Amino acid sequence: MNSEKINNWLTLGANIGVLAGIVFLAYELQQNTVATQLEVASNFQNSFTEIEMLIAGDPEFTDLLMKGREGGDFSPTDQLRLGAFYTNVLRQWQFVHFQYLADTLDEGIWRGQLAYFNQIIGDDLGLFEHWKSSNEHYSPRFNDLIRSITTDQ
């Protein structure tokens, strides 16, 4: 065998190795994407579980939240408590929206949760009023999302 044939075989082998490496890299990237989406979904669920457990576990706060949903009058302490709660809820939703826009949250999970958020923002006058008075603290894209939800109702 002459050296040209050997070089051709070596080049072919190297090209096959490069191709195999690219296929393996694509597989690893796909696996990493799935792992990232699962982690984001888990974090998302955990953060909202904490909020739901607060509501379920504290009857006094639940009463305050129900009063806030109706847009009642509050003491300064209750205003502070509800304001902190509403800020936390909106920040969580903004983060979830950001994750969706970054393509790290599964489309199906986002669509289901968007329907839930749509219901919450429509039913909770206090949350909506809090957003209106503090929307400069949130991203323009998140504010656009809330505007689109609230104008659809």
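Conventions we followed
- Residues numbered from 1 in each chain as written.
- Predicted model: local features only at pLDDT ≥ 70, side-chain atom pairs only at ≥ 80, totals over all residues.
- Heavy atoms only, no water.
- Helix = DSSP H or I, 4+ residues; strand = E, 2+ residues; numbered from the N terminus.
- Expected span 1.5 Å × (residues − 1).
- Salt bridge = Lys/Arg side-chain N within 4 Å of Asp/Glu carboxyl O.
- Buried < 20%, exposed > 50% of the residue type's maximum accessible area, 1.4 Å probe, protein only.
- Patch = residues over 30% accessible without salt bridge, like charges linked within 9 Å, V, L, I, M, F, W, Y side chains within 5 Å.
- Areas by Shrake-Rupley, 256 points an atom, 1.4 Å probe, with all protein chains shown as cover.
- Core = buried A, V, L, I, M, F, W, Y, C linked by side-chain atoms within 4.5 Å.
- Contact = heavy atoms within 4.5 Å.
- Axes fitted to C-alpha atoms, helices over the stretch in contact; angles between N-to-C directions.
- Parallel < 35°, antiparallel > 145°, perpendicular 65-115°, else oblique.
- Nonpolar A, V, L, I, M, F, W, Y, C, P; charged D, E, K, R; others polar.
- Left-handed = near helix turned anticlockwise from the far one by under 90°.

With that out of the way, let us pick up helix H3 (residues 76-101). The end-to-end C-alpha separation of H3 is 37 Å, in line with the 38 Å expected for 26 residues at 1.5 Å each. Just downstream of H3, aspartate 103 is the residue with a positive phi angle, here 65°.

Going through the model one piece at a time under the given rule, you end up with 5 salt bridges. Taking the shortest distance from any N to any O, the salt bridge between lysine 132 and glutamate 129 comes out at 3.3 Å. Here glutamate 129 and lysine 132 lie together in helix H5 (residues 125-134), a separation of 3 residues that amounts to about one turn. Residue class for lysine 132 comes out partly exposed when judged on its relative accessible area of 41%. Between arginine 147 and aspartate 144 there is a salt bridge, with the nearest N and O atoms lying 3.1 Å from each other.

A cluster of nonpolar side chains, namely Trp9, Leu12 and Ile16, defines an oily patch on the protein surface of about 340 Å² accessible area. For leucine 12, the location among the structural elements is in helix H1 (residues 3-57). Here leucine 12 falls in the partly exposed class, since its relative accessible area comes to 42%.

Another point: the nonpolar core. In this structure, Leu90, Phe117 and Phe142 are the most contacted members of the largest nonpolar core, which totals 27 residues. For this core, the secondary structure elements donating two or more residues are H1, helix H2 (59-69), H3, helix H4 (107-123), H5 and helix H6 (140-151). Those residues in contact with phenylalanine 117, other than ones at most four positions away along the chain, are Leu90, Trp93, Phe142, Ile146 and Ile149.

What follows is about the environment of arginine 81. Position of arginine 81 relative to the elements: it lies in helix H3. The class for arginine 81 is partly exposed, based on a relative accessible area of 28%. The spatial distance from the C-alpha of arginine 81 to the C-alpha of tyrosine 27 is 48 Å, given a sequence separation of 54 residues. Apart from the residues within four sequence positions on either side, arginine 81 is in contact with Asp58, Glu60, Phe61 and Leu64.

The subject of this paragraph is the environment of tyrosine 27. Take tyrosine 27: it is sitting in helix H1. Judged by its relative accessible area of 48%, tyrosine 27 falls in the partly exposed class. For the pair tyrosine 27 and threonine 150, spaced 123 residues apart in sequence, the C-alpha separation works out to 41 Å.

What follows deals with unusual backbone geometry. Phi angles above zero are rare outside glycine, and aspartate 103 is one such case at about 65°. Residue class for aspartate 103 comes out exposed when judged on its relative accessible area of 57%.

Looking now at the packing of H3 against H6. Packing of H3 against H6 leaves a shortest axis separation of 10 Å and a crossing angle of 105°. Our classification of the angle between H3 and H6 gives roughly perpendicular. Contacts between H3 and H6 involve Leu90, Trp93, Gln94, His97 and Leu101 from the first element and Arg141, Phe142, Leu145 and Ile146 from the second. Of the residues that constitute the contact of H3 with H6, the class distribution is 6 nonpolar, 2 polar and 1 charged.

This part covers the packing of H4 against H6. Contact geometry of H4 with H6 gives a least axis separation of 10 Å together with a crossing angle of 65°. Between H4 and H6, the interaxial angle falls into the category roughly perpendicular. Read as a crossing pair, H4 and H6 show a hand that is right-handed. For the pair H4 and H6, contact is made by Trp110, Leu114, Phe117, Asn118 and Ile121 and by Phe142, Leu145, Ile146, Ile149 and Thr150, respectively.

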